[in-house]
2 protein chains.
Amino acid sequence: MTKTPHAKDARAASETALLDAAERLLVDVGHAGITTRRLAEAAGVNHGLVHYYFGSNENLLVRALERFTDRLIARQRELYASDEPFVEKWRTAMRFLVAEDVTYEKVWLELQALAWNDEGLRERLSGVNAEWRAVLAEAFAEPHRKLGLQIPLDALVSLVITFNLGVIVERLGGIETGHAELLDWIDGWLSS
Amino acid sequence: MTKTPHAKDARAASETALLDAAERLLVDVGHAGITTRRLAEAAGVNHGLVHYYFGSNENLLVRALERFTDRLIARQRELYASDEPFVEKWRTAMRFLVAEDVTYEKVWLELQALAWNDEGLRERLSGVNAEWRAVLAEAFAEPHRKLGLQIPLDALVSLVITFNLGVIVERLGGIETGHAELLDWIDGWLSS
DNA sequence: CGGCGTCTTAGTCATTCGTCTAAGTCATCT
DNA sequence: AGATGACTTAGACGAATGACTAAGACGCCG
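Residues numbered from 1 in each chain as written. Chains lettered and ligands numbered in written order. Predicted model: local features only at pLDDT ≥ 70, side-chain atom pairs only at ≥ 80, totals over all residues. Heavy atoms only, no water.

Draft legend 1. Here's a closer look at the relation of the copies chain A and chain B. With an axial shift of 0.0 Å and an RMSD of 0.0 Å, the rotation relating chain A to chain B amounts to 180 degrees. Such a combination of rotation and displacement between the chain copies is what one expects of a two-fold axis. (Least-squares fit on C-alpha atoms with pLDDT ≥ 70 in both.)

Written as structure tokens, this is what we have:
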């Protein structure tokens, strides 16, 4: 029943290597360019393992999505769960948003683009979105009340999520015009 | 030198059919699923024509992007160039944004996703973005002044563009939570 | 220490891909 | 009417793909 520790480690390592490679390839060539063999080559494992471990190319990407979204939610929770004042959390989040490195965002949006054409993935994504939304709604509840904003909390959360998503998409397209101005203004407004 | 009118028409018709098929396939299967043969089949033409007319599969998608973005900009200009009061233009734009049919948006974002992995396409897209931005900046200049908004015009335009883009991406992922609330609030705020 | 079950490898298989070409078609012009 | 030249078609080509498998390697357990 119990697997040998070494073999278990080796298998886990190979699986991780493949999932890591999937993320790397999503960044480098996009989901359209991911093939079994390229995946295996990037992970440094035999290409037959993709089928043996994951059943299929597509399944591997599903697993990659699961792993990635778990981390995504964890990161969000961690960010907004700290004891810092809200404005500091916001600033941290925005620093991530316009960081030079778009690796994380590229993986995330390539997976979304993949889901646009895959009903199963789409359902999974909407679950993640609901979680993300819940985290933000909780984080924004206090400042929303304190600042006496007229916009309903629901609408505010949607505004934040969508404009963040839009910024990411624009950045992936090589567009950054106006982003700094927008974030600066929000920051100034929050500070006052 | 001059081509025969009939032949010219036939060729133009076939090219158009292929470009139309490309858009249809972008909606139905995404850019990753577009192949020479499928394209030709969907357009009802011989698959060799893709090479004969466009040189390559990729070139055809570039042409599809050009045609689509031309229409996109034209639509934007038309919308914001009318004599209606600003609030009516806004409402029309928002009605498009949350219309049931996401065909237009799907084509647009599939092309963007394609561009994420293609330097040439990315440059073309940033040009389109700049045009769009200019149209919006002009349209928002008056209401921005009249309403005495504190947010700089640049930042406002970015906010509008990015939140629109985010709404589109969420909708393509099957997510609509909060959109109606957000748009309703904006509408109410504009009306007051 | 030898059998045993799991992991790993190399390789096969049919299919599909993009590209390209040779042969055929057809409207036009002399 | 026949030649011309652009357009269209069917098909061939090698390369690459995802799926799958048989055989070997490896480490554990009795």
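Draft legend 2. A look at the environment of Asn117(A). Positionally, Asn117(A) belongs in the loop between α6 (103-115) and α7 (119-146). For Asn117(A), a relative accessible area of 30% gives the class partly exposed. Each C-alpha atom, one on Asn117(A) and one on Gly48(A), is 26 Å from the other, the two residues being 69 residues apart in sequence. Non-local contacts of Asn117(A), meaning those with residues more than four positions away in its chain, are made with Arg122(A), Leu26(B), Val27(B), Asp28(B), Val29(B), Gly30(B), Lys106(B) and Glu110(B). Within polar-contact distance, the side chain of Asn117(A) engages the backbone nitrogen of Gly30(B) at 3.3 Å. Among the polar contacts listed, one links the side chain of Asn117(A) to the side chain of Glu110(B), at a separation of 3.0 Å. (Helix = DSSP H or I, 4+ residues; strand = E, 2+ residues; numbered from the N terminus. Buried < 20%, exposed > 50% of the residue type's maximum accessible area, 1.4 Å probe, protein only. Contact = heavy atoms within 4.5 Å. Polar contact = N/O pair within 3.5 Å; in protein donor to acceptor, adjacent residues only side chain to side chain.)

Draft legend 3. Quick peek at the protein's contact with DNA strand C. The environment of DNA strand C is made up of 20 residues, and the closest members are His47(A), Tyr53(A), Thr36(B), Arg37(B) and Asn57(B). The sugar-phosphate portion of DNA strand C accounts for 51% of its atoms within 4 Å of the protein, the bases making up the rest. Between DNA strand C and the protein, one listed contact pairs a phosphate oxygen with a side-chain N or O atom of Asn46(A) at 3.3 Å. A distance of 3.4 Å separates a phosphate oxygen of DNA strand C from a polar side-chain atom of Thr35(B). Looking at the surface near DNA strand C, the elements with two or more residues in it are α1 (5-28) and α3 (48-54) of chain A together with α2 (36-43) and α3 (48-54) of chain B. A total of three residues in the surface near DNA strand C trace back to one element, the largest contributor, which is α3(A). When grouped by side-chain class, the residues that make up the surface near DNA strand C number six nonpolar, 10 polar and four charged. (Near = heavy atom within 4 Å. Nonpolar A, V, L, I, M, F, W, Y, C, P; charged D, E, K, R; others polar.)

Draft legend 4. Fine view of the interface of chain A and chain B. Taken residue by residue, the interface counts 44 residues in chain A and 44 residues in chain B. Where chain A abuts chain B, roughly 3400 Å² becomes buried across the two surfaces, and 69% of that area is made up of carbon and sulfur atoms. Scanning the region where chain A abuts chain B turns up zero salt bridges. On the surface where chain A and chain B come into contact, there are 10 residue pairs in polar contact (both at pLDDT 80 or more). At 13 residues, the largest contribution of residues to the side of chain A that touches chain B is made by helix α8 (residues 153-172) of chain A. For the side of chain A that touches chain B, the per-class residue count stands at 21 nonpolar, 15 polar and eight charged. (Buried area = accessible area lost by both parts, 1.4 Å probe. Salt bridge = Lys/Arg side-chain N within 4 Å of Asp/Glu carboxyl O.)

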